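One-letter residues, chain by chain:
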Amino acid sequence: MEAYDHKKIEEKWKDIWFKENLYEAEDFSSKPKRYILAEFPYPSGKAIHVGHAMRYTVPDVYSRYLRMKGYNVMFPMGWDAFGLPAENYAIKTGEHPSKLTHQIIIDYKEAVQRMGYSFDWNREIATTDPSYYKWTQWLFLKFFNAGLAEYKEAPVWWCERMKTVLADEEVINDKDGNKISERGEYPVEKRMFKQWVLKTPQYAEKLLEGLDKVDFPDTIKTAQRNWIGKSEGAGVLFDIEGEKALVFTTRPDTLYGVTFIAIAPENPLVTKLIDRVKNKEDVLQYINKVKDRSDLERQIEKEKTGVILEGIRATVPLAGKKVPVFVADYVLAGYGTATVMGVPAHDERDFDFAKKFNLEMVKVIESKEGKVEENKCYVGEGTMVNSDKYNGMKSEDFKQKIMEDLEKEGLGKQSTIFKIRDWVFSRQRYWGEPIPLVHLEDGTIKPIVDVNNPSDVKKKLPLVLPELPNYSPNEDGSSPLDRDKEWVNTDFDGRKAKRETNTMPNWAGSCWYYLRYCDPKNDEAFADKEKLKYWLPVDKYFGGAEHTTMHLLYSRFWHRFLYDQKLVPTEEPYQWRLNGGLLLGADGRKMSKSYGNVVEPGEYIEKYGADSLRLSICFLGPYEDTYPWNSNSIKATNRLIQTIYSLKDKLSNDKPTKDVEKSYNLMVKNVTNMIENLKINTCISEIMIFVSKFKNEKKINEDIYKGLVKVISPFAPFVAEEIWQEINKFKEWKRENSVHLQEWPLFNESLIEENILTIPVQVNGKVRTSIKVTKDESEDSVKERVENNEKVIKYLEGKPIKKFIYIKGKIINVVV
RNA sequence: GCCCGAGUGGUGGAAUGGCAUACACGCAACACUUAAAAUGUUGUGUCCUUAUGGACAUGCGGGUUCGACUCCCGCCUCGGGCACCA
């Protein structure tokens, strides 16, 4: 009897599988395809941690299972190696990012291979590889040519610490409500900058519609819907001293309750009106003051602020009433038309503002539930009052009616607006894809290549990122690439030109990586159309919750645009999505070096083996939940493996006992169903239950043992292969003999079913005893026996039976 | 404030209308051992009871049902997202 030596076993199979590329996915195979994707890692430290192991183990188990079920499975892996995480790490270590990412990729690859993940290494990609980012640049130009990429001056988030702008999605709130960067958690502030943006709002409607067609958890769908933020309402034209002011409102039914107009300090209307304003100095002073206030200050300010434009009046359309006009910073510059019609009686914010400035309140909706108190704000629906000829209408009906009437007069129309903003797509950092555009001296911007001309593309792309010895960011917010004058100064059709020096954000490469996996080595196109047609959409996409409104939304946006360009065959990239939970430190806090609670998988692989680690990760609980790391559970899973391994010394051809046969078939049935439904944690329980029965047998039936080895092979691939080779007495390694290319075992339902069942008997819903019934016994016969059962009689206490319920094979309930 | 999600033993969790607490961890006792570790066996929701047995328990309060962790209504707590979005 030899002891289980995980080190020897795992080292051996890791190398053999890699050399063979055992898990190759075949383009155009006649087998049904399954595209299983787990988000690729971005290198931001020197080694993978156990959190990565959690993210990849479950998808790997599932991929391995599908392969054994006869699917042509693509389960690819790559490296998202551009961007801030890698560059910040490079700065910290003093190593050049290009050298550092190269080394990290080698380390990560070794680490994931040690975990036994069944990736198809022929499809490995790295976003930093020029042959990859050539196509990131090409795709960007598609956006540019379609008018969806624009160079635009706008208030954007600036991170002083990282010296770069960030997208809205990359800015989060800390515990105190301060705005910080998602990456690094540094403070950020709004600043005016000229930046490249991709116009996501133009795809807002399509991104919303697409959500109805995919199988995502509700949490993701609602989070994306909230982020896109669709509001339906009306655009209404007000006249302000001869200037047209468009107001967006979701409540046109409150039009007759308008008692003031408020416009954002940044609204250009202010400039148009300012010379006619009597208190010009006050207004300018207010605008200046507001400009210096951060968004945070604006938010925490309890009282609303603003200033009246003296001598200026607005006319409410249809009503004809004249109302005062204010500049107020509760009106946001970036949303709607930056102009609000103030209805204090029916909007909380307008109410607060009106109270502060002692403005008139006009109630136009009477609540259904009865009279609304004077000087209270009522936001519900009801009956119209104080609204001229419309009095008495239901507010819901009036909403329609007023829009029609406004439209007739050319004073308004239905309109829909979205919260989602332009996606700020340029960064003032070195480690990203260069944007393939040039600026001519007359200010025009041109792509460096005609994307529709293959020979031009071949000649001019990729635009390679120059090797800057000093890649640190500039203090003034310009790009480090600006310093490389030789690179910057170029020509375009014989004219002098300067290259665009901003780089793309770290999200760029991940927007389309799942497309590249379908055809990773193509030099003529980002991917072959037929291959995309074969593989897409991604059938199961596993990733992190933190990407819900970032990568997951961005890549849906790219994909939908590419679909409209007829470059991809499906409307949506991912058919199904599951967000994985986190693995916390043993102390229940987020794993972090500063807490000293980071768990390195290497330590556990060393001590117990990757198989044990994989099992204990699977066993923790559902994939989508978050858990503190518990090093004890790996001891249990290690014990399980040792037990299974030792059973091979008791092999025999003797018939198995009925009990073992039943238990085995039940285990196979349950594990099969559970993997299909991705309930991986309970699979381990089922295996444990069977093994603890099986191990007590004096002799181990060989066929059943082989079945067991196949069942554990997706979970513990190394030890399964080792046992499989040995018990089949394969002299030398042959690819087709790998346990991982075998067929998933079948189960025999008839061996699981029992003829005699033990059924619990309830009296008034409480279990009091149980009786044995045969499978086909009639209800009458069961009833008779229950009625005569001693215990039942005792609990009936002589009362007559009101109702007798027998759910076949499950339960009996006697009601008195 | 609004929108999602979740609350089950000492701990991770199982059970989607049918025997609540599977499977583990931890703990305790015992066996093996000079001893410890490892391993194995048994026990382990709470309360009453010597036992047999019984009562109560899935955040709280109601409801539907023969039967509710599961479905419905109202709260509480925690986690996450959005947040002056007109």
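Residues numbered from 1 in each chain as written. Chains lettered and ligands numbered in written order. Predicted model: local features only at pLDDT ≥ 70, side-chain atom pairs only at ≥ 80, totals over all residues. Heavy atoms only, no water.

Asker: Would you explain the overall build of chain A in this entry?
Answerer: Within chain A one finds 27 helices and 33 strands. Counting every position in chain A, which comprises 816 residues, the buried fraction comes to 55%. Within chain A, contacts between residues separated by at least 24 positions form 72% of all contacts whose residues are at least 6 apart in sequence. As presented, chain A carries roughly 37,400 Å² of accessible surface, and 48% of it is formed by carbon and sulfur atoms. (Helix = DSSP H or I, 4+ residues; strand = E, 2+ residues; numbered from the N terminus. Buried < 20%, exposed > 50% of the residue type's maximum accessible area, 1.4 Å probe, protein only. Contact = heavy atoms within 4.5 Å. Areas by Shrake-Rupley, 256 points an atom, 1.4 Å probe, with all protein chains shown as cover.)

Asker: What exactly am I supposed to notice about empty space enclosed by the protein here?
Answerer: Sizing a probe to match a water molecule and rolling it over the atoms shows the empty space that remains. The final tally for this structure, using the stated rule, is seven cavities of 30 Å³ or more. Roughly 100 Å³ of internal volume is contained in the largest cavity. Along its surface, the largest cavity is lined by 13 residues, and W17, F18, Y23, Y117 and W121 are the ones closest to its centre. For the lining of the largest cavity, the leading source of residues is helix α1 (residues 6-20), giving three residues. (1 Å grid on protein atoms, 1.4 Å probe; cavity = no way out; pocket = protein on both sides within 12 Å on 5 of 7 lines; lining within 4 Å. Points joined across faces, edges and corners; volume = space filled by probe spheres on them.)

Asker: Would you explain the pairing of strand β31 (residues 766-774) in this entry?
Answerer: The two faces of the sheet receive side chains in turn, since in a regular strand these alternate between them. Of the strand pairs in this sheet, strand β30 (residues 756-763) and β31 are connected by eight bridges, and their pairing is antiparallel. Residue pairing across strands places I759 opposite I771, the latter belonging to β31. Between β30 and β31, which follow one another and run antiparallel, lie two residues, and N764 among them has a positive phi close to 50°. (Pairing = 2+ DSSP bridges.)

Asker: I keep staring at helix α4 (residues 97-114) and nothing clicks. Help me out?
Answerer: Think of an α-helix as 3.6 residues a turn; residues three or four steps apart then line up on the same face. Between its terminal C-alpha atoms α4 stretches 25 Å, which fits the 26 Å expected from 18 residues at 1.5 Å a residue. Elements that come into contact with the buried residues of α4 comprise α1, α2 (50-68), β3 (78-79), α3 (84-93), β4 (125-126) and α24 (717-727). After α4 finishes, the residue G116 shows a positive phi value of roughly 80°. (Expected span 1.5 Å × (residues − 1).)

Asker: Explanation requested: the environment of S118 in the structure shown.
Answerer: As for its placement among the helices and strands, S118 is situated in the loop between α4 and β4. Residues S118 and F28, 90 residues apart in the sequence, show an inter-C-alpha distance of 20 Å. Those residues in contact with S118 that lie beyond four places of it in its chain are Y23, D60, S63, R64, R67 and F75. Looking at S118, its side chain comes within polar contact range of the side chain of R67, at 3.1 Å. (Polar contact = N/O pair within 3.5 Å; in protein donor to acceptor, adjacent residues only side chain to side chain.)

Asker: Is there a simple way to explain helix α17 (residues 551-564) in this structure?
Answerer: Spanning 14 residues, α17 covers 20 Å between terminal C-alpha atoms, matching the ideal 20 Å at 1.5 Å per step. Among the 14 residues that make up α17, twelve are buried, leaving the element largely enclosed by the rest of the structure. Here α17 has its buried residues at H551, L552, L553, Y554, S555, R556, F557, W558, H559, R560, F561 and L562. Just downstream of α17 lies K566, where phi reads positive at about 60°.

Asker: Would you mind going over the nonpolar core with me for this structure?
Answerer: A general feature of soluble globular proteins is that nonpolar side chains tend to end up buried together. One finds F140, F526, I687 and F715 to be the most contacted residues of the largest nonpolar core, which totals 177 residues. Take this core: its biggest share by element is ten residues, from α2. Beyond its immediate sequence surroundings of up to four residues, F526 is in contact with W135, W138, L139, W512, L515, R516, D519, L532, L567 and V568. (Core = buried A, V, L, I, M, F, W, Y, C linked by side-chain atoms within 4.5 Å.)

Asker: In this structure, what is going on with a positive patch on the surface? I would like to understand it.
Answerer: On the surface, K607, K635, R639 and K695 cluster together into a positively charged patch. You can see K635 is positioned in helix α20 (residues 633-646). (Patch = residues over 30% accessible without salt bridge, like charges linked within 9 Å, V, L, I, M, F, W, Y side chains within 5 Å. Salt bridge = Lys/Arg side-chain N within 4 Å of Asp/Glu carboxyl O. Lys, Arg positive; Asp, Glu negative; His and termini not counted. Charge placed at Lys NZ, Arg CZ, Asp CG, Glu CD.)

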